[in-house]
Amino acid sequence: MDSLKRLSSQAYHEGIWDALKEQDEHVYQLINKEYERLQNTLQLIAAENLCTRAVLAALGSIVQNKTTEGFPHARFHGGCDVVDDIEELAVARAKETFKAQYANVQPHSGTAANQIVLVALLESGDRILSLELNQGGHVSHGANVSFGGKFFDVENYFVDRQTYRLDVENIRQKALEFKPKLIICGGSAYARTIDFQQFRRIADEVGAYLMADISHIAGLIIAGAHPSPIDAAHFSTTSTYKPGGPRGGLILMGKDFDRQIEVSGKKTPLWRLIQKTTFPGVQGTPYLNNIAAKAIFFKETLSEEYRSRQFRIVENAARLAENLLGLGYDVVTDGTDNHMILINIANLREGMTGAIAQECLEECGIIINKNRLPYDTRNAAVASGARLGTPIVTRNGMGPDQMDTIAGLFDTVLRGVKIVSEREYELDNSLKDDTRRKIMELCHEFPMS
Ligand code: DSN
């Protein structure tokens, strides 16, 4: 245990890394190994990003020890003056960065944020209309393996079979027939712009609430590289790590924040319902160190560097998609409007699957994820798709030339691998070593900072 007696806060926090090394060499080495993995391989997972070291410092700070329930100035424990200031700062900065009227920084994750909105609005058996999971939705939007599927009556809309794009008229017809209480838009594998205004028109027509899950595109929305849902949706939810902050979730509201809703015969504004559902409804003590880290991140998003980077993320994704199309890849929707590229990798070669692509690329230092596609007939462990994203490579300073290089290396590996079964393959050692070396050189030229 730490035998230090009385240190300044600065000295206390500076000693964190030495304390870990001294106390638990095993975990210390594992963390170092993860650092080396990140520095030596190419991170192309669309759901990942890198936070700054300032954000990491807050996550690893003494604030993590504070227990309290409730909201600033209405807590259930003493000693909250400082964490009240931290949470109020995070809320004010979240509202500023997203141009929102209400922000709740307490959700532990994006999924928790979604859970809070669902539990706040719906009674058991109430209806949700959402994009189906394999069509690009998210498990927390009512998939039958999640809490939403267990407690609510969920109907899904689908992308068009030919274009693989959202079909607004089809969504409207489903909404008219199903009469949901909540419509959810947004997801985790959709590479095109989402028209939040159209969703709101449908929601208004059928008397439903609209929730926009913007986890994947929150950074783009902050910068104006994607339209904002803040005033179009009743609720916008996001994780805070995908746009480059700490792990955690966020609920935002625009012009409808103080709209009245009747709960158990009493009228209450929507924002208050969200507060009460967060605590005591769904969560206990918020992670106040994460909330401090969120405050730091929201300030970072106001910088010119952050905002221009969001546009470069989109440009890099478009360039990568263009390259892959040129190399004969079946890029879903023939391109991308955001940070993500979805590929029907099974169409590349006889026997190719998402699982083989993910695993053989990883052996060569290229990190992506397999993904089921709309109308996929393969299971999730195999999948027909591959999903790529450009937030981290852009954060590390890569641009169009590097996207050309990455597309070429990606293609060399996937054309060179020998397919044995839907999950087994053989990779020539010289192909593997040569690609690994080239990837490492690229990563060393553009290191994580
Ligand atoms: N939503 C998952 C994804 O997009 O990969 C991770 O949170």
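Residues numbered from 1 in each chain as written. Predicted model: local features only at pLDDT ≥ 70, side-chain atom pairs only at ≥ 80, totals over all residues. Heavy atoms only, no water.

Every residue lining the ligand is accounted for by Ala47, His138, Ser188, His216, Tyr241, Lys242 and Arg387. With respect to the ligand, the side chain of His138 contributes an N or O atom lying 3.1 Å from a nitrogen atom. In isolation the ligand has 230 Å² of accessible area, and contact with the protein removes 67% of it. When its residues are assigned to classes, the shell around the ligand shows two nonpolar, three polar and two charged. (Near = heavy atom within 4 Å. Polar contact = N/O pair within 3.5 Å; in protein donor to acceptor, adjacent residues only side chain to side chain. Areas by Shrake-Rupley, 256 points an atom, 1.4 Å probe, with all protein chains shown as cover. Nonpolar A, V, L, I, M, F, W, Y, C, P; charged D, E, K, R; others polar.)

Once that is clear, we can look at the layout of surface pockets. Approximately 1800 Å³ is the volume attributed to the largest pocket. As for the largest pocket, its lining consists of 44 residues, of which Trp17, Ile31, Leu56, Ala57 and Gly60 are closest to the centre. Contributing elements (two or more residues each) for the lining of the largest pocket: α1 (9-14), α2 (16-23), α3 (25-40), α4 (53-59) and α15 (391-395). The greatest single-element share of the lining of the largest pocket, amounting to seven residues, is contributed by α2. Residue classes in the lining of the largest pocket are distributed as 20 nonpolar, 14 polar and 10 charged. (1 Å grid on protein atoms, 1.4 Å probe; cavity = no way out; pocket = protein on both sides within 12 Å on 5 of 7 lines; lining within 4 Å. Points joined across faces, edges and corners; volume = space filled by probe spheres on them. Helix = DSSP H or I, 4+ residues; strand = E, 2+ residues; numbered from the N terminus.)

Inspection of the entire model under this criterion finds nine aromatic pairs. On the basis of an interplanar angle of 75° and a centroid distance of 5.9 Å, the ring pair of Phe297 and Tyr306 is categorised as edge-to-face. Given a relative accessible area of 1%, Phe297 falls into the buried group. Judged by its relative accessible area of 3%, Tyr306 falls in the buried class. Put simply, the rings of Phe297, Phe298 and Tyr306 pair up and form one aromatic cluster. (Phe/Tyr/Trp six-rings, centres within 6.5 Å; stacked < 30°, edge-to-face > 60°. Buried < 20%, exposed > 50% of the residue type's maximum accessible area, 1.4 Å probe, protein only.)

Moving on, we get to the sheet that holds strand β9 (residues 235-239). Taking strand neighbours across the sheet as the criterion, the seven strands line up as β4-β10-β9-β8-β7-β5-β6 in an open arrangement whose pairing is mixed. The outermost strands of the open sheet, each flanked by one partner alone, are β4 (102-104) and β6 (153-157). On average, each strand axis in the sheet is inclined to that of its neighbour by 20°, with strand direction left out of account. With respect to the sheet, helix α8 (residues 168-178) is in contact with β5 (127-131), β6 and β7 (182-185), its orientation differing from that of β6 by roughly 160°. Each of β4, β8 (209-213), β9 and β10 (249-253) is contacted by helix α11 (residues 270-282), which is oriented at about 5° to β4, the strand it contacts most. (Pairing = 2+ DSSP bridges. Axes fitted to C-alpha atoms, helices over the stretch in contact; angles between N-to-C directions. Contact = heavy atoms within 4.5 Å.)

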